Structures are given as structure tokens and as C-alpha cells.
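Each chain, letter by letter, is given below.
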Amino acid sequence: PVLTRLYTPANFGVLAAYASLIGILSVAASLRYELAIPLPRDETSALNLLALTVALVAMSSASWALVVVGVGSDVVRALRVPMLEPYLPLVPLGVLFVGAYQALSYWAIRQAAFGLIARTKIVQGVGSAAVQVGFGVAASGAGGLLLGSIVGQAAGGRSLAHPLWIARASTVRALSPGHMRLVAGRYRRFPIYSTGASILNSLGVFAPALLLASLYGIRVAGWFALADRVSRMPLNLIGSAVGQVYLSRAATLAREAPAALLALYLRSTRHLLVVGTALVGATAALAPILFPVIFGSAWKTAGTYTALLAAMLVAQFVFNPLSQTLYVLEEQALAMVLDAARAVVAVSALAVPHSLGLSASWAVACFSLAMAAMYAVYWVVALQRLCSYAVARAASLGPGCGRRGSAA
């Protein structure tokens, strides 16, 4: 409520476009080796994977700095978001901090350090908000929102890296170029398949704000950004915590008890569906009424967008925590196909209404329904693969797997 009175919808639109660009670029920064960090049996291999991931992120950030200097202005004009041009120097920093945080998060997941991850979220939120409010009081425009975002990302990574810094002597002894090459080869399926899949997935997640800015204007992107931010806040708080615990347990169960992993998948789905429906239903019902009161009259349309996004938000809340299942099963190629389909659907769901002359509200509604359908498809495919894996690895489950999969 403070930020929406210090910054305009257009300012939030610039932040949304910037965050979309960082979200798309950062997923490929490490070639997705961070996804493999929880998987090795020994700590030495996992540490070398972490070091390899951070090194790749640093090189990627340096590469994007060269791109920004060379053709950055041409790129933002081609995307029809010229308002990003003054903030292009922040892009390499955003890629660096987001990529490093992702790598360190997967290391913390491996260690089951969920309390530490939760504390970093608090550090990120407080640091980001403090900077954004400070710059907002100084009437800095969209730059204050972007700088606050970067400060939050950097603070979160520093918190996760602190335990490794304390044990730096033993950490350094475990690292070697030879071992990094070894784990890079062992988990090569992640860069081969998961990088492309993750880029496609990020297009489905982050491209909408960028597309709305390009097709309908920066104010529409700002309303969409606030609706997305507010509606996701309680969902992300719960969903990310569930996802971290799920990944930690799934990586172990995939090796030791595949039938138990199938049961965990189905049980988690039921619980997430109940909680997600309740949270999203309440938010969607109240948002059109409360948004103008809480955030100011300029943000009334954002409340409408929140209600329109309800179908997607429920499906996303259910599936996102479970989305690592295909990676745990090393089904990267299948994940890439599904992410490609979802990216095409996400872009089409916004571009087609615009081409038909429909309003931004119609575009948001079409996007919500299309993405809900794609999450449902992804969930069913993951269930089928998990069921087949359980049958192959645990003969004791037998034909019961097929019956459970069909019923689900």
C-alpha cells in the first residue's frame, strides 16, 4: 500500500518488464546444473556442482554485460519496451544475483536447511521494500523499484552463502577442476534438455508482463504486475516451502522408495488443491472491492485482473511445488516438450485477443484459462511418468499403480 502511493502503475510496469527480462535470462545462466545439486550421494560431488553452477552464472552475467553495451538499446526497441533502456546496465547484475541465489537455494535444499531459506526470504523482502520506499520518497521513479529488487536479490544470496563461508577451508579443499568436469559430464542431461525447457518455461511465466507492456501499454503491465504480486504472495509463501520439502524428499524416495514417491505426489496434490482453492477463492472475491481502498483508486483495474487470474493461480499453486518431479526422474526431454507447449499457449493466449481487438481484461482472462489447462496437462503427464517409474522400480506395487493413476 505504501509503494502504490509512491509509484505509479507505469513505474510498476517498468519493474514488471525488467523482472520479466531477468526471469527469462537468468534461468539459462547456469545451464540448469543447479537442479542436479540435491541428487549426488556424496557431498564432494554436490559441492563441485555448486561451484560449477556459480562459475557459469558469473560468465553468463559478464556475457550479458557485453550484449547490453553492444546492442541493448536495439533489443528493447525491437521488443517495443523502450522505457527499459535507461535501466539496461542493471540487467547483468540482476542475472548474477538471481542465478547465484538459485544455485545456493538448491544447496540449502540438499542440506534440508529450510529455516535458512525462509530467513533469506525475509531478508530479501525487508531489504527490497526499505530501498524501494526510500527511493520512492525521493521521487526516483521506476529506478527505485528496480534498485530495491536488486538489493533484495543480493541480500538473499549473501545469507545463503554464509554457512559455506564459515566452512570455507573444508569447502575449498573439496573443489577441483577435475571433479567439476566429472560432475558436468555426469549430469549433462540437465544443460542439454533442461536449459531449453527452462527458457521455454520462463517464457510462459515471465513473458506475459512483457507482452502486455508491448501490446497494451506500460500501465496495463503495471496493473497486471500488482495483481500478480499480491495474489501470489500467500501462495508463494506456502508453495515455495512445500516445493523445497517435496524436492528434498523426492530426490531420496526416487532412489530408495519409488512407490512412496508416487503416494507423496498424490497426497501433496490433494492438500495443495484444498489450500489453493480456499486462498485464491477468497482473494478473487475480495480483490475488486479492496484494491482501490488498500492501494489507491489508480489500482482498481489491478483488482479486476486478480479475479480474472484465479483459475491459473489455483492450478499453478497445485503444480509448482510438484514441478520438479520430471527432473527427479531425469525426464528432461519430456519436460522440454511440455514447457515448449506451455510457452506457445501463453504467448498465443495474449496475442490472439489483441489481434481480435479485444480489451486487456479479455486477454488476461484468456491467459488465465489457457495456463490453467496447461498446468493440468503437465500434472497428468508427470503422474503417468511417475507411475511407470514406480512400476519399473518397485514390483511390489504391481497393477495397483495403474488403478491409482487412472482414478487420479
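Here the structure is a predicted model, which means the values were calculated and not measured. (Residues numbered from 1 in each chain as written. Predicted model: local features only at pLDDT ≥ 70, side-chain atom pairs only at ≥ 80, totals over all residues. Heavy atoms only, no water.)

Some points on the overall build of the protein chain
Thought 1: What the protein chain contains, in helices and strands, is 17 helices and 0 strands.
Thought 2: By its C-alpha atoms, the protein chain is 60 × 50 × 35 Å across when sized along the principal axes.
Thought 3: Here the protein chain holds 408 residues, and the buried ones make up 51% of them.
Thought 4: Restricting to contacts in the protein chain with at least 6 residues of sequence separation, those with at least 24 account for 82%.
Thought 5: Looking at the protein chain, you have 28 positive and 10 negative side-chain charges, and the mean spots of the two groups are 7 Å apart. (Helix = DSSP H or I, 4+ residues; strand = E, 2+ residues; numbered from the N terminus. Buried < 20%, exposed > 50% of the residue type's maximum accessible area, 1.4 Å probe, protein only. Contact = heavy atoms within 4.5 Å. Lys, Arg positive; Asp, Glu negative; His and termini not counted. Charge placed at Lys NZ, Arg CZ, Asp CG, Glu CD.)

Topic: the packing of helix H11 (residues 258–295) against helix H13 (residues 310–319)
Thought 1: Contact pair H11 / H13: the axes reach a minimum separation of 8 Å and the direction vectors enclose 150°. Accordingly, the angle class assigned to the pair H11 and H13 is roughly antiparallel. Seen from above, H11 lies across H13 with right-handed handedness. From H11, Tyr-265, Thr-269, Leu-272, Leu-273, Val-275, Gly-276, Thr-277, Val-280 and Ala-284 reach across to H13, where they touch Ala-310, Leu-313, Val-314, Phe-317, Val-318 and Phe-319. (Axes fitted to C-alpha atoms, helices over the stretch in contact; angles between N-to-C directions. Parallel < 35°, antiparallel > 145°, perpendicular 65-115°, else oblique. Left-handed = near helix turned anticlockwise from the far one by under 90°.)

Describing the nonpolar core
Thought 1: Core analysis: the biggest nonpolar cluster contains 121 residues, and Val-91, Leu-261, Tyr-265 and Phe-367 have the highest contact counts within it.
Thought 2: If sequence neighbours within four positions are ignored, Val-91 has contacts with Tyr-18, Leu-21, Ile-22, Leu-25 and Val-68. (Core = buried A, V, L, I, M, F, W, Y, C linked by side-chain atoms within 4.5 Å.)

Brief notes about the packing of aromatic side chains
Thought 1: Under the definition given, this model contains 8 aromatic pairs.
Thought 2: Taken together, a centroid distance of 5.7 Å and an interplanar angle of 25° make the contact between Tyr-265 and Trp-379 stacked. With Tyr-265 in helix H11 and Trp-379 in helix H16 (residues 360–393), this pair connects stretches of sequence that are 114 residues apart. The burial state of Tyr-265 is the same as that of Trp-379; both residues are buried.
Thought 3: Where Phe-319 meets Tyr-378, the ring centres are 4.6 Å apart and the plane angle is 45°; that geometry is what we call tilted. Residue Phe-319 is found in helix H13, and its partner Tyr-378 is found in helix H16; the two are separated by 59 residues along the sequence.
Thought 4: Aromatic ring contacts, followed pair by pair, group Tyr-7, Phe-12 and Trp-299 into a single cluster.
Thought 5: Across from the ring centre of Tyr-187, 4.5 Å away, lies the NZ or CZ of Arg-186, which sits over that ring. (Phe/Tyr/Trp six-rings, centres within 6.5 Å; stacked < 30°, edge-to-face > 60°. Lys NZ or Arg CZ within 6 Å of the ring centre and 35° of its normal.)

Points about the environment of Ala-254
Thought 1: Inspection of the secondary structure assignment puts Ala-254 in helix H10 (residues 218–256).
Thought 2: Counting along the chain gives 99 residues from Ala-254 to Ala-155, while the straight-line C-alpha distance between them is 33 Å.

What about the packing of H10 against helix H12 (residues 300–308)?
A packed helix pair is summarised by two numbers, namely the angle formed by the two axes and the spacing between the axes.
Thought 1: Direction vectors running N to C along H10 and H12 enclose 55°, while the axes themselves pass 8 Å from each other. As summarised for this structure, H10 and H12 are arranged oblique, according to the angle between their axes. With respect to the hand of their crossing, H10 and H12 are arranged in right-handed fashion. Of the residues in H12, those touching H10 at Val-220, Trp-223, Phe-224, Leu-226, Ala-227 and Ser-231 are Thr-301, Ala-302, Tyr-305 and Thr-306.

Section: the confidence of the model for the protein chain
Thought 1: Of the residues in the protein chain, 96% reach a pLDDT of 70 or more, and the chain-wide mean stands at 86.
Thought 2: Low pLDDT, under 50, characterises residues 399–408; the stretch is placed with 10 contacts to residues that sit more than four places away or in other chains. (pLDDT = per-residue confidence, 0-100.)

Side note on unusual backbone geometry
Thought 1: Not every positive phi belongs to a glycine, and Leu-31 is a case in point at roughly 60°.
Thought 2: Here Leu-31 is to be found in the loop between helix H2 (9–26) and helix H3 (43–78).
Thought 3: Take Leu-31: its relative accessible area is 34%, and that puts it in the partly exposed class.

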